[in-house]
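# Report on the structure
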Amino acid sequence: MTGLQVRNLTTLFDTPRGQAHAVDGVDLDVAPGEVLGLVGESGSGKSVTLRSILRLIRPPGRVTGQVAWQGRDLMALGPAALRQVRGGEIAMIFQEPMSALNPVLTVRAQIEESLRAHTTLDRAGRRRRAAELLDRVGMPDATRRLDDYPHQFSGGMRQRVMIAIALASEPKLLLADEPTTALDVTIQDQILKLLLDLRDSMGMSVLFVTHDLGVVAATCDRVAVMYAGRVVEMADVLDLFDAPRHPYTRGLLGSVPRGGAERTLLTSVEGTPPSLTALPPGCAFAPRCGWATEDCRSAVPPMEVFARGHAVACIHHQRVAA
Amino acid sequence: MRAARRWPATLVAGGIILAASLVLALVPSLVAPYDPDAFDYAALLAGPSAAHPFGADNFGRDMLSRVIHAYTIDMQIALFATVVPFLVGTAVGALVGYTGGLAEAVFGRVVDAVITFPFLVLVIAIVAVLGPGLRNMYVAVGVVGWVFYARLIAAEISVQRRLDYADAGRAMGYGPLRIIFRHLLPNAITPAIVYWMTDMALAILLGSSLGYLGLGAQPPTAEWGTLIADGKNFMTTAWWIAVFPGLAIVLTGLGFSLTGDGLAELLAPRR
């Protein structure tokens, strides 16, 4: 078994208002070399899913389900084995590179730290490799900037540093938690190009969390759409944009301005997402859905594969497509 | 891009005072004009003059020399009475703050129990049980003092461990000790270092208080507290015996406080 298989991943948080189902039975597969996008609005459980995969959820949060990586169950690994996988085989980059970098250590120290943990390079080797890595992620004048601190870099350059740290161990899977959200559009484009380029040259898979459908279209091979902690639709990126089958996906796509087309009012998804402590019975989207019927409210709709590589959790998807 | 680092004025002033104090502490006999323990019956209770700038005491011992020689013992008190609490408190606080949960709750109650007692009274009680002398004073201060450092560090670490870069460290596969001591602690230690400086000033005051009470350094060792205690009987006739050691305490305390303030400014996180 290669790649990542996530089955029935569930993350619960005990809150004063009851149990919050931040992630509720998520299934995902990421094949080697593939970029899978995980999209949804804020609070839909995308980031928690990512952190749950690496077991970064702290108590009182609880994670259950199976996460298989290269045939090993990450949920059952001991602390030492888990540390080998974290950063070594699966690396992660974060939304806010300033807060995800250590403010009091130089960039060199932080890259070499990662090299020390996951390679057998000696001191001189680490020094050389740190410069190579910073150069590889497109840092101008990399050797001179190694001894700078994170606050001396711009937002885009910080994200490059973060990526260099993650790449130090040559991971096989990169978990990217909205890595371009905090950046402006031109910088965002450069970082996305860099990630795709690295995917091609290093044969790395990427699990890409974002709420930006434009980013999805530009980078991902396949997309999973999340709503209220559940995956509601999964498809190749072209199929999804071409023929969305879930009413929520349709709503999301309708809220994106399209270049070239005649100017029309953007549509938005009416209503607000349900509270995670009080999910409605049945389909979580039913209260906001124009197609909803009694059946939608009685049972959670299962994921139904109706075409090759296209699955949707909606009992009315035929009508939605029509 | 690289901002020129400016040394805060408070740090410069405090550093000069402490550097001078350190020189006096290390080589007092090179600076002091007389042997601090030599009796001079021609100068009994002599007031400040060119020969004895700080006057002389009731045995004719030169007060300037005695104040200078006391630097050795008082700087030693400042360091020895605080370095163990600083190190132990920092380590315990870092572990407790990172672990959180039950450990943090239990530790919180221990802190509450300790700070319920007035610090000085607690130390005096412990020294009284162990017996007077500097060594027992270090033990007493060590037993109680680490709690204050641990509380500071635990609070800072429990904030830092929830930040993204701590998660990033875990996501990179670093072990807990590496994350605590290499990544979190440098971001959390500033308040403890600043408090350490203040604490050294307090330790000198404490040492002097215990010396004054006869529980610290024992006569004839020159120590500011004991010097002041010796001088108290002559306050009305020979004020210089008590006043000059007092000024030395104030000046050294000021040096530590200024250094602490300056360090706080220098180490303030640049984000």
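Residues numbered from 1 in each chain as written. Chains lettered and ligands numbered in written order. Predicted model: local features only at pLDDT ≥ 70, side-chain atom pairs only at ≥ 80, totals over all residues.

## Comments concerning the interface of chain B and chain A
Across the boundary between the two partners, chain B contributes 18 residues, which contact 21 residues of chain A. Residue contributions to the side of chain B that touches chain A peak at six residues, all from helix α7 (residues 164-171) of chain B. In terms of residue class, the side of chain B that touches chain A is built from nine nonpolar, four polar and five charged. (Contact = placed C-beta atoms within 7 Å. Helix = DSSP H or I, 4+ residues; strand = E, 2+ residues; numbered from the N terminus. Nonpolar A, V, L, I, M, F, W, Y, C, P; charged D, E, K, R; others polar.)

## Details of the sheet that holds strand β8 (residues 205-210) of chain A
Residue and element names in this part refer to chain A. In space, the eight strands of this open sheet follow the order β6-β7-β8-β3-β9-β10-β12-β11, with mixed pairing throughout. Strands with a single pairing partner mark the edges of an open sheet, and in this sheet they are β6 (90-93) and β11 (304-307). Direction aside, the axes of adjacent strands within the sheet are offset by 20° on average. Where strand β3 (residues 35-39) lies against strand β9 (residues 222-227), four bridges are found, and the strand directions are parallel. The residue bridging L36 from the neighbouring strand is R222, located in β9. (Pairing = 2+ DSSP bridges. Axes fitted to C-alpha atoms, helices over the stretch in contact; angles between N-to-C directions.)

## Let's talk about the confidence of the model for chain A
Considering every residue of chain A, the mean pLDDT works out to 87; 96% of them sit at 70 or more. When pLDDT is averaged over each element of chain A, β9 of chain A comes out on top at 93 and helix α13 (residues 317-321) of chain A at the bottom at 80. (pLDDT = per-residue confidence, 0-100.)

## Overview of the domain arrangement of chain A
Residue and element names in this part refer to chain A. One can read the domain layout of chain A as domain 1 (4-89 + 171-321) and domain 2 (104-167). Each of domain 1 and domain 2 has a C-alpha centre, and these two points are 30 Å apart. Every contact between the two is made by 12 residues of domain 1 and, on the other side, 11 residues of domain 2. In terms of residue count, helix α8 (residues 185-202) provides more of the side of domain 1 that touches domain 2 than any other element does, five residues in total. Partitioning the side of domain 1 that touches domain 2 into residue classes produces nine nonpolar, three polar and no charged. (Domains from an automatic or database assignment.)

## What to know about the pairing of β11 of chain A
Residue and element names in this part refer to chain A. Examined bridge by bridge, β11 and strand β12 (residues 310-312) share three bridges and lie antiparallel to one another. Each residue of the ladder has a partner; that of E304, found in β12, is V312. In this structure, the hairpin formed by β11 and β12 is closed by a connection of two residues, where G309 is found at a positive phi of approximately 75°.

## Details of the packing of helix α4 (residues 107-118) of chain A against helix α5 (residues 123-136) of chain A
Residues and elements named next belong to chain A. It is at 9 Å that the axes of α4 and α5 come closest, and there the two elements cross at 115°. In terms of orientation, α4 and α5 fall into the roughly perpendicular class. Where α4 crosses over α5, the handedness of that crossing is right-handed. Seen from α4, the contacting residues are R108, I111, E112, L115 and R116; seen from α5, they are R126, R129, A130, L133 and L134. Each residue belonging to the contact of α4 with α5 can be placed in one class, and the counts come to five nonpolar, no polar and five charged. (Parallel < 35°, antiparallel > 145°, perpendicular 65-115°, else oblique. Left-handed = near helix turned anticlockwise from the far one by under 90°.)

## Considering helix α8 (residues 176-188) of chain B
Residues and elements named next belong to chain B. With 13 residues, α8 should reach 18 Å at 1.5 Å per residue; the first-to-last C-alpha distance of 16 Å falls well below that figure. Among all positions of α8, only I179, I180, H183, L184, L185 and A188 are buried. Of the surrounding secondary structure, the elements contacted by the buried residues of α8 are α3 (63-99), α6 (134-160) and α7. (Expected span 1.5 Å × (residues − 1). Buried ≥ 20, exposed ≤ 12 C-beta atoms within 10 Å, placed from the backbone.)

## Things to note about the sheet that holds strand β2 (residues 18-30) of chain A
Residue and element names in this part refer to chain A. The antiparallel open sheet is built from four strands, whose spatial order is β2-β1-β4-β5. Of all the strands in the sheet, the pair left with one neighbour each is β2 and β5 (72-73). As judged from the two bridges shared by strand β4 (residues 62-69) and β5, these two strands associate in the antiparallel manner. Directly across from W69, in β5, lies its bridge partner R72.

## A word on unusual backbone geometry
All names here are of chain A. In the segment running from P59 into P60, the intervening peptide bond is cis, with an omega of 10°. Looking at the element boundaries, P60 is found in the loop between α1 (46-53) and β4. Phi is positive for R55, close to 55°, though the residue is something other than glycine. When you line up the elements, R55 lands in the loop between α1 and β4. In this structure, Q70 is a non-glycine residue whose phi angle is positive, near 50°. With respect to the element layout, Q70 can be found in the loop between β4 and β5.

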